[in-house]
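Residue-level structure breakdown
Spelled out, the chains give:
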Amino acid sequence: PEETVATLIRRYKKVKMSASWNGAHRIANRRLTNSFIARLEELPKFNKAMGDWHDLPEAQQTWAKAQAHFKEASQKLQRHGQQTADAHGFGNAYNATQLDDDNSIASTIADMNIKHAETLEAFSELSQSNHATQSKNLALENEVATLKAQL
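Residues numbered from 1 in each chain as written. Predicted model: local features only at pLDDT ≥ 70, side-chain atom pairs only at ≥ 80, totals over all residues. Heavy atoms only, no water.

**Observations concerning the side chain of glutamine 61**
- Positionally, glutamine 61 belongs in the loop between α3 (47–55) and α4 (63–79).
- Judged by relative accessible area, which is 13%, glutamine 61 ranks as buried.
- Within the structure, glutamine 61 has its side chain in polar contact with the backbone oxygen of tryptophan 53 (distance 3.0 Å). (Helix = DSSP H or I, 4+ residues; strand = E, 2+ residues; numbered from the N terminus. Buried < 20%, exposed > 50% of the residue type's maximum accessible area, 1.4 Å probe, protein only. Polar contact = N/O pair within 3.5 Å; in protein donor to acceptor, adjacent residues only side chain to side chain.)

As structure tokens, then:
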């Protein structure tokens, strides 16, 4: 378990750095934390730690806290005899998806770029809508001024 959490944390840090280096917008720590938690929720051995995590106030559910919390949970699992797949004779079976990690990173960056483009499009639409509203307000202000002058 310790290698699993430590490896997962390293991979998430690598994705975050890679996104910054590739010119994409930075990955928010909240998004990183949510993705990390979602991956760990798939592992039944972390059920108790996950329950403890969800009991924390949302303000305390930070990326730094998640790393520390699940590293500690992983260490407890090791101390209590829940060892890695390798220790049970399955070799590297637990990391069978390791070859997909480069694709996962590329996929995450591609998803971020798509979300970024969608955000820019939404911002453009909002900006146009705001401009139209401001134009209407200016016309109404002019009309009010004209009416006041007529009184």
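**Observations concerning the environment of lysine 65**
- With respect to the element layout, lysine 65 can be found in helix α4.
- Classification of lysine 65 as partly exposed rests on a relative accessible area of 36%.
- Taking C-alpha positions, lysine 65 is 9.3 Å from threonine 33, a pair spaced 32 residues apart along the chain.
- Other than its neighbours up to four places away in sequence, lysine 65 contacts Trp53, Leu56 and Gln60. (Contact = heavy atoms within 4.5 Å.)

**Structural notes on the pattern of salt bridges**
- For the coordinates displayed, the defined rule picks out two salt bridges.
- A salt bridge links aspartate 52 to lysine 48, with the nearest nitrogen and oxygen atoms 3.1 Å apart. Remark: lysine 48 and aspartate 52 occur in helix α3; sequence separation between them is four residues, near one turn of the helix.
- On the accessibility criterion, lysine 48 (63% relative accessible area) is exposed.
- Here lysine 76 ties to glutamate 72 by a salt bridge, and the two come within 3.4 Å at their closest N and O atoms. One end of the pair is lysine 76 and the other is glutamate 72, both in helix α4 and four residues apart, which spans about a single turn.
- With relative accessibility at 38%, the residue lysine 76 sits in the partly exposed group.
- Among the residues examined, glutamate 72 registers a relative accessible area of 42% and is labelled partly exposed. (Salt bridge = Lys/Arg side-chain N within 4 Å of Asp/Glu carboxyl O.)

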